[in-house]
Amino acid sequence: MIATNRPHAMTAAQTHYCPGCTHGIIHRLVGEAIDALGIEGRTIGIAPVGCAVLAYNYFNLDMTVAAHGRAPAVATGLKRANPETIVFTYQGDGDLASIGMAEAVHAAARGENITIIFVNNAVYGMTGGQMAPTSLPGQVTQTSPYGRNEAQCGLPVKVCEMLAQLDAPEYIARVAANSVKNVLAAKRAIEKAFRNQVEGRGFSLVEVLSTCPTNWGKTPKDALKWMESDMIPYYPLGVYKDRSAVVTDRT
Amino acid sequence: MAKLTIQAENCKGCGLCVDACPKKILRIDADVINHKGHAPAQMTDESRCTGCGFCALMCPDCVITLER
Ligand SMILES: Cc1ncc(C[n+]2csc(CCOP(=O)(O)OP(=O)(O)O)c2C)c(N)n1
Ligand code: SF4
Ligand code: SF4
Ligand code: SF4
Ligand SMILES: [Mg+2]
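Residues numbered from 1 in each chain as written. Chains lettered and ligands numbered in written order. Predicted model: local features only at pLDDT ≥ 70, side-chain atom pairs only at ≥ 80, totals over all residues. Heavy atoms only, no water.

> I tried to follow the overall build of chain A on my own but got confused; where do I start?
In terms of regular secondary structure, chain A is built from nine helices and 10 strands. Computed over the C-alpha atoms, the radius of gyration of chain A is 17 Å, within 12% of the 18 Å expected from 2.2 N^0.38 for a compact globule of 251 residues. Each of the three principal axes of chain A carries a C-alpha extent, and together these read 50 × 40 × 35 Å. Scored against the burial criterion, the 251 residues of chain A give a buried share of 56%. (Helix = DSSP H or I, 4+ residues; strand = E, 2+ residues; numbered from the N terminus. Rg over C-alpha atoms; globule rule 2.2 N^0.38 Å. Buried < 20%, exposed > 50% of the residue type's maximum accessible area, 1.4 Å probe, protein only.)

Listed below in structure tokens is the structure:
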């Protein structure tokens, strides 16, 4: 038996991602969820603008790309036009939490029956590591060479905490791709976010903390460590909203 | 017994599998370079592999296949 391999929902293409970038792990988890639910023939993915813009090369699915940040609006149209289709967006933090904030918040507020995979790596990866709304206080980026300054730039947007305040969303969770334990939890959360849509439950968003070794200026290994030491304490992992659960479990 | 295959030509040499392995039997050999220009991960002692799959779980590039 092959225990771990490339999911069927992924193509054989080699990704363009930098060595050790956890976008690749998150792609695999999305593919595994699609395999597990047997929805490959009826799933459409929407790639963002960002490093994942080429995601259409990596999934054995119908794929499209939205203008920067507009993936939830495109997903809304696709889903409403053909409710049997399973529709997901795959969006970075610049895409979703900056230019596309309005589309994400309103899709959540409308309770659209879509799945959003939100990849938070605390920078604009594709364009060279500029500060994102999600960059940590004090974080050194291309555009904050002395560290993100609260007085000048304000403080980060915590997407899960914010969206969990809305009444309509079904499931909002934050996971991380930095360790065996956390990747296993991420796998469960992503599968649940897709299953919710199959069951018609409504809007599900999983925020996955991800690394950008290249723009963080760290080795892949040190990037995982920085996520544990700096990123996770600021962005606590857990389920922020789950309308199907009796008790919310924040592990 | 577990059988682990590393598709060395597709490996980016990131080393995440090396760190994830509880048995510390994977390594990056800097003297070997694949067609991408990366030094791929290698198995050093297959007899100690438990088949836990941690390496494959942490591989961003689906390079590791595990049969058990
Ligand atoms: C309308 C528009 N504005 C700006 C850009 C430039 N741009 C390309 S990708 C990007 C941000 C990408 O960051 P993120 O969404 O976090 O994705 P990552 O690459 O980090 O995964 C920006 C600002 C653009 N392509 N289109
Ligand atoms: S720039 Fe950053 S986010 Fe983009 S592929 Fe490289 S490591 Fe990943
Ligand atoms: S399966 Fe487990 S023991 Fe074997 S190489 Fe991978 S991580 Fe190490
Ligand atoms: S995690 Fe994958 S890509 Fe990275 S060194 Fe190991 S086998 Fe190669
Ligand atoms: Mg980003």
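Next comes the rest of the account.
> Could you clarify how one ought to interpret the interface of chain B and chain A in this entry?
Many structure descriptions define interface size as the accessible area lost when the parts assemble. The interface is formed by 21 residues belonging to chain B together with 28 residues belonging to chain A. In total, about 2000 Å² of surface goes out of reach between chain B and chain A, with carbon and sulfur atoms giving 60% of it. A per-residue breakdown of the area chain B buries against chain A is headed by Leu57(B), Met58(B) and Cys62(B), which together make up 29% of the total. For the salt bridge of Lys221(A) with Asp19(B), the shortest nitrogen-to-oxygen distance reads 3.5 Å. At the junction of chain B and chain A, the tally comes to eight residue pairs in polar contact (both at pLDDT 80 or more). At the level of secondary structure, the elements contributing two or more residues to the side of chain B that touches chain A comprise helix H1 (16–20), helix H2 (54–58) and strand S4 (64–67) of chain B. Residue composition of the side of chain B that touches chain A, by class: 12 nonpolar, three polar and six charged. (Contact = heavy atoms within 4.5 Å. Buried area = accessible area lost by both parts, 1.4 Å probe. Salt bridge = Lys/Arg side-chain N within 4 Å of Asp/Glu carboxyl O. Polar contact = N/O pair within 3.5 Å; in protein donor to acceptor, adjacent residues only side chain to side chain. Nonpolar A, V, L, I, M, F, W, Y, C, P; charged D, E, K, R; others polar.)

> Please clarify how the site of ligand 2 should be interpreted in this entry.
Residue and element names in this part refer to chain A. The environment of ligand 2 is made up of Tyr17, Cys18, Cys21, His23, Cys51, Asn121, Gly125, Cys212, Pro213, Thr214 and Asn215. It is helix H8 (residues 213–216) that contributes the most residues to the shell around ligand 2, three residues altogether. Of the residues assigned to the shell around ligand 2, the class counts are six nonpolar, five polar and no charged. (Near = heavy atom within 4 Å.)

> Any chance you could explain the coordination of the magnesium ion (ligand 5) here in plain terms?
Any two of four tetrahedral donors ideally make an angle of 109.5 degrees at the metal, while pairs among six octahedral donors ideally make 90 or 180 degrees. All names here are of chain A. Surrounding the magnesium ion (ligand 5) are the protein donor atoms Asp93 (OD), Asn121 (OD1) and Val123 (O), which sit 2.0 to 2.2 Å from the metal. Site description for the magnesium ion (ligand 5): donor spacing in sequence, D-x27-N-x1-V. Taken as a pair, Asn121 and Val123 share a single burial class, namely buried. (Donors = N, O, S within 2.8 Å, 3.2 Å for Na, K, Ca; no water.)

> What should I look at first to understand the environment of Arg68(B) in this one?
Residues and elements named next belong to chain B. Within the secondary structure layout, Arg68 lies in the segment after S4. For Arg68, a relative accessible area of 47% corresponds to the partly exposed category. Along the chain, Arg68 and Ala30 lie 38 residues apart, while their C-alpha atoms are 29 Å from each other.

> Hey, could you run me through the site of ligand 1 in this one?
Residue and element names in this part refer to chain A. Neighbouring ligand 1 are 16 residues; Cys51, Asp93, Gly94, Asp95 and Gly125 lie closest to it. Contact between ligand 1 and Asn121: an oxygen atom at 3.0 Å from a side-chain N or O atom of the residue. Val123 is positioned with one of its backbone polar atoms (N or O) 3.1 Å from an oxygen atom of ligand 1. Considered on its own, ligand 1 offers 590 Å² of accessible surface; in the complex 72% of this is hidden by protein. Mapped onto the shell around ligand 1, the elements with two or more residues apiece are helix H3 (93–99) and strand S6 (123–124). Among the elements that make up the shell around ligand 1, the one with the highest residue count is H3 (four residues). Along the lines of polarity and charge, the residues of the shell around ligand 1 split into six nonpolar, eight polar and two charged. (Areas by Shrake-Rupley, 256 points an atom, 1.4 Å probe, with all protein chains shown as cover.)

> Would you mind going over the nonpolar core with me for this structure?
Soluble, globular proteins show a tendency: their nonpolar side chains are buried together. Residues Ile117(A), Ile190(A) and Phe194(A) are the most contacted members of the largest nonpolar core, which totals 43 residues. Contributions of two or more residues to this core are made by helix H1 (23–37), strand S4 (86–92), strand S5 (115–120), strand S8 (171–176), helix H7 (180–198) and strand S9 (204–209) of chain A together with H1 and H2 of chain B. Discounting residues that sit within four places of it in the chain, Ile190(A) has contacts with Leu29(A), Val30(A), Ala33(A), Ile117(A), Val206(A) and Val208(A). Ranked by size, the runner-up nonpolar core spans 22 residues in total, among them Val87(A), Ala108(A), Leu163(A) and Ile172(A). (Core = buried A, V, L, I, M, F, W, Y, C linked by side-chain atoms within 4.5 Å.)

> Whenever I open this one, helix H9 (residues 220–234) of chain A confuses me. Can you help?
Side chains that are three or four residues apart share a direction in an α-helix, a result of its 3.6 residues per turn. Residues and elements named next belong to chain A. The terminal C-alpha atoms of H9 lie 20 Å apart, and with 15 residues this matches the ideal 21 Å at 1.5 Å per residue to within 8%. The axis of H9 is deflected most strongly, by about 40°, at Met227. What H9 keeps buried is the set Pro220, Ala223, Leu224, Trp226, Met227, Met231 and Ile232. (Expected span 1.5 Å × (residues − 1). Bend = angle between axes of the 7 residues up to and from the residue.)

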